[in-house]
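Now for the letters of each chain:
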Protein chains: 2
Amino acid sequence: MSLRYALLALLRVGPLSGYELQKLFSESVGHVWHAPDSQIYPELKRMEANGLIQGEDQTRGERGRRRIYHVTDAGTADFSDWINGPLDYSRVRDPAHLRAAYLESASPEAARDFLAAHAAQHTELLHRWQDEIARIRSGSHPMVQRRLAAIPESERERAVEFKVFAYEGLAQRAESEIRWAEQGLRLLDRLS
Amino acid sequence: MSLRYALLALLRVGPLSGYELQKLFSESVGHVWHAPDSQIYPELKRMEANGLIQGEDQTRGERGRRRIYHVTDAGTADFSDWINGPLDYSRVRDPAHLRAAYLESASPEAARDFLAAHAAQHTELLHRWQDEIARIRSGSHPMVQRRLAAIPESERERAVEFKVFAYEGLAQRAESEIRWAEQGLRLLDRLS
DNA sequence: CTAAACATGTAAAGCGTTACATGATTCG
DNA sequence: CGAATCATGTAACGCTTTACATGTTTAG
């Protein structure tokens, strides 16, 4: 259900075509809520069927066409309900910690590879989050750029602060995962 | 696909009926990989169809019956492939951080509620992980009890250490989430 | 006898992944 | 004229959730 609100969050700032939305998505909200285009187009159709957004067809050249969507009042209300309502937490389902719990059954090399890969995975994510924070702060982020025109100065600061806050949380989590993997590597050393 | 290996991990220690497995599951591996019984029974059927486990029917009283499953050689091999193979990480899809990124659109009270609930959620998890660690170390954990009979002294220490390691990772993550939520509450104070 | 625990599922719907599929336009 | 980019999807499959569904045995 969150995909819907991730899309709505972008569309609220201004009308977009499915394609534009998808491009913008992948370099902004898509970082915290991944979705491929094959999921975005059908979801837009469903949202239109539900009255949350309204699309209008445009022509492009001779035969080209595209559909520009904008948020309806019902869509604005729905987004507001979501952002102000409770969030339900899904049950824990964690492949890495599941595996870690049974690592005595793996070969020492495989165990080491797993932990090194875990650290590498989260190091990559950490860099991504740090880059995003830098881009948001510097104003070069596409999301921030769109907002410049859409919201007043006063709201802008709040918007930037919350985005940075969100990505800092992800960065801290990544750091925590890296520390954990390193603890695991030291544990392997001790046990061998 | 991980559910399969979570089940195999338990069955490897010794044969169990679906019901026993499900009970044991919910108080051990189920903490890191949740699954309801309605998912466990069909998965057992599928695993048997794939030759990873073999079931045998037992009678219970007059008309009662139950099916006891044990792991086959193919199942052991499959588990080994999984534990020694690479783990693929799924794309980021995080409802809490998605919401945090758009928190400027929420009312101040709703934002505060959200962050307080996030801290509460992870405080509860933290306690769960800490309890699990204590239970594992003290040997009162059902999983550890079953292992006592099944594996030699030398392997036992390794098994316990890795379980503790896994739950410590989850505890550290919970602590990180709580710190983040508290940072968010302070940010709200600053912005108001 | 009745409640708790034992025992095992089915059905429907939604979400997500992967692969496939097609065509138009613009820029160099 | 060819490549990149614009533009929009469908199909099949698998996992997860939620709700429903049914019956037996044992202990008090």
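All values reported here derive from a predicted model rather than from experimental measurement. Numbers given to residues run from 1 along each chain, matching the order in which its sequence is written. Here the convention is simple: chains get letters from A, ligands get numbers from 1, in the order in which they are written. In keeping with the predicted nature of the model, local features appear solely for residues at pLDDT of at least 70, side-chain atom pairs appear and are counted solely at 80 or more, and the whole-chain, interface and lining totals rest on all residues. Note: side-chain values were computed over all heavy atoms of the structure, leaving out hydrogens and water.

(A) Geometry of the protein's contact with DNA strand D. To be near a molecule or strand, a residue needs just one of its heavy atoms within 4 Å of it. Around DNA strand D lies a shell of 23 residues, among which A:Y19, A:R60, B:E62, B:R63 and B:G64 are the nearest. Put simply, 75% of the atoms of DNA strand D that lie within 4 Å of the protein are in sugar or phosphate. What qualifies as a polar contact is a pair of N or O atoms within 3.5 Å, subject to a donor-acceptor requirement within protein and to the restriction that residues adjacent in sequence count only when both atoms come from side chains. For DNA strand D, a sugar or linking oxygen lies 3.1 Å from a polar atom in the side chain of A:R60. Contacts to DNA strand D include B:S38, whose side-chain N or O atom sits 3.0 Å from a base oxygen. Those elements giving two or more residues to the surface near DNA strand D turn out to be α2 (18-26), α3 (37-49) and β3 (64-71) of chain A together with α3 (37-49) of chain B. Amino acids outside the nonpolar list (Ala, Val, Leu, Ile, Met, Phe, Trp, Tyr, Cys, Pro) and the charged list (Asp, Glu, Lys, Arg) are all regarded as polar, and Gly is one of them. Classifying every residue of the surface near DNA strand D by side-chain character gives five nonpolar, eight polar and ten charged. Helix and strand definitions follow DSSP, with helices as H or I runs of at least four residues and strands as E runs of at least two, each counted in order from the N terminus.

(B) Structural context of the layout of surface pockets. All names here are of chain A. Detection works on a 1 Å grid of protein atoms alone, calling trapped sets that fit a 1.4 Å probe cavities and calling open sets with protein on both sides within 12 Å along at least five of seven lines pockets, with lining residues defined by an atom within 4 Å of a point. Grid points are joined across faces, edges and corners, and a volume is the space filled by probe spheres set on the points. Its boundaries defined by the atoms lining it, the second largest pocket holds a volume of some 370 Å³. Surrounding the second largest pocket, 14 residues form its lining, G18, Y41, R65, R66 and R67 being those nearest its centre. Only α2, α3 and β3 provide two or more residues apiece to the lining of the second largest pocket. The greatest single-element share of the lining of the second largest pocket, amounting to five residues, is contributed by α3. Counted by class, the lining of the second largest pocket contains five nonpolar, two polar and seven charged residues.

(C) Representation of the interface of chain A and chain B in the model. It only takes one pair of heavy atoms within 4.5 Å for two residues to be counted as in contact. In this complex, chain A contributes 66 residues to the contact, which on the side of chain B involves 67 residues. What gets called buried area is simply the loss in accessible area from a 1.4 Å probe that two parts show on being joined, summed for both. For chain A, the biggest contributors to the area lost against chain B are A:R99, A:Y102 and A:F165; these three give 12% of the whole. Salt-bridge detection follows one rule: a side-chain nitrogen of Lys or Arg within 4 Å of a carboxyl oxygen of Asp or Glu. The partner of B:R173 in a salt bridge is A:D94, and the shortest N-O contact between them spans 2.9 Å. Between chain A and chain B we count 30 residue pairs in polar contact (both at pLDDT 80 or more) in total. It is helix α8 (residues 153-191) of chain A that contributes the most residues to the side of chain A that touches chain B, 21 residues altogether. Considered class by class, the residues forming the side of chain A that touches chain B number 36 nonpolar, 15 polar and 15 charged.

(D) Here's a closer look at the packing of α8(A) against helix α8 (residues 153-191) of chain B. Packing of α8(A) against α8(B) leaves a shortest axis separation of 10 Å and a crossing angle of 160 degrees. Looking at the two axes, α8(A) sits roughly antiparallel to α8(B). Our pair here, α8(A) against α8(B), has a crossing hand that is right-handed. Where helices are involved, their axes are fitted lines through C-alpha atoms of the stretch in contact, as for all axes, and angles between N-to-C directions lie from 0 to 180°. Angle categories: roughly parallel below 35 degrees, roughly antiparallel above 145, roughly perpendicular from 65 to 115, and oblique for all the rest. Each crossing gets its handedness from the near helix: less than a right angle anticlockwise from the far helix is left-handed, clockwise is right-handed.

(E) Structural view of the packing of aromatic side chains. Here a pair means two rings of Phe, Tyr or Trp (six-membered ring of Trp) with centres within 6.5 Å. Their orientation is stacked below 30 degrees between planes, edge-to-face above 60, and tilted elsewhere. Counted by the stated rule, this structure contains eight aromatic pairs over all chains. Seen from their ring centres, A:F165 and B:W180 are 4.5 Å apart, and the 10 degrees between their planes marks the pair as stacked. Placement of the pair is A:F165 in helix α8 and B:W180 in helix α8, with the two residues belonging to separate chains. We note that A:F165, like B:W180, is buried. Summarising the aromatic geometry, the rings of B:W129 and B:Y167 are spaced 5.8 Å apart at their centres and angled 40 degrees between planes, so their arrangement reads as tilted. Of this pair, B:W129 sits in helix α6 (residues 108-138) while B:Y167 sits in helix α8, and the two are 38 residues apart along the sequence. A single burial state applies to B:W129 and to B:Y167, both of which are buried. Among the aromatic residues, those joined into a cluster by ring pairs are A:Y5, A:F79 and A:W82. The lysine or arginine in question, A:R99, covers the ring of A:F114, its NZ or CZ lying 5.5 Å from the ring centre. Residue exposure (1.4 Å probe, protein chains only): buried if accessible area is under 20% of the type maximum, exposed if over 50%, otherwise partly exposed. Charge-over-ring contacts are defined here by two conditions on Lys NZ or Arg CZ: a distance within 6 Å of the ring centre and an angle within 35 degrees of the ring normal.

(F) Structural detail: the sheet that holds strand β3 (residues 64-71) of chain B. Residue and element names in this part refer to chain B. Two strands are counted as paired when DSSP detects at least two bridges linking them. Within the open sheet, the three strands sit side by side as β1-β3-β2. Their pairing is antiparallel. With one partner strand each, in any of the chains shown, β1 (16-17) and β2 (53-60) form the two edges of the open sheet. Bridge count for β2 against β3 is eight bridges, and the pairing is antiparallel. Bridge assignment links Q54 to a residue of β3, and that residue is H70. Set on the sheet, α3 makes contact with β2 and β3; between it and β2 the angle comes to about 125 degrees.

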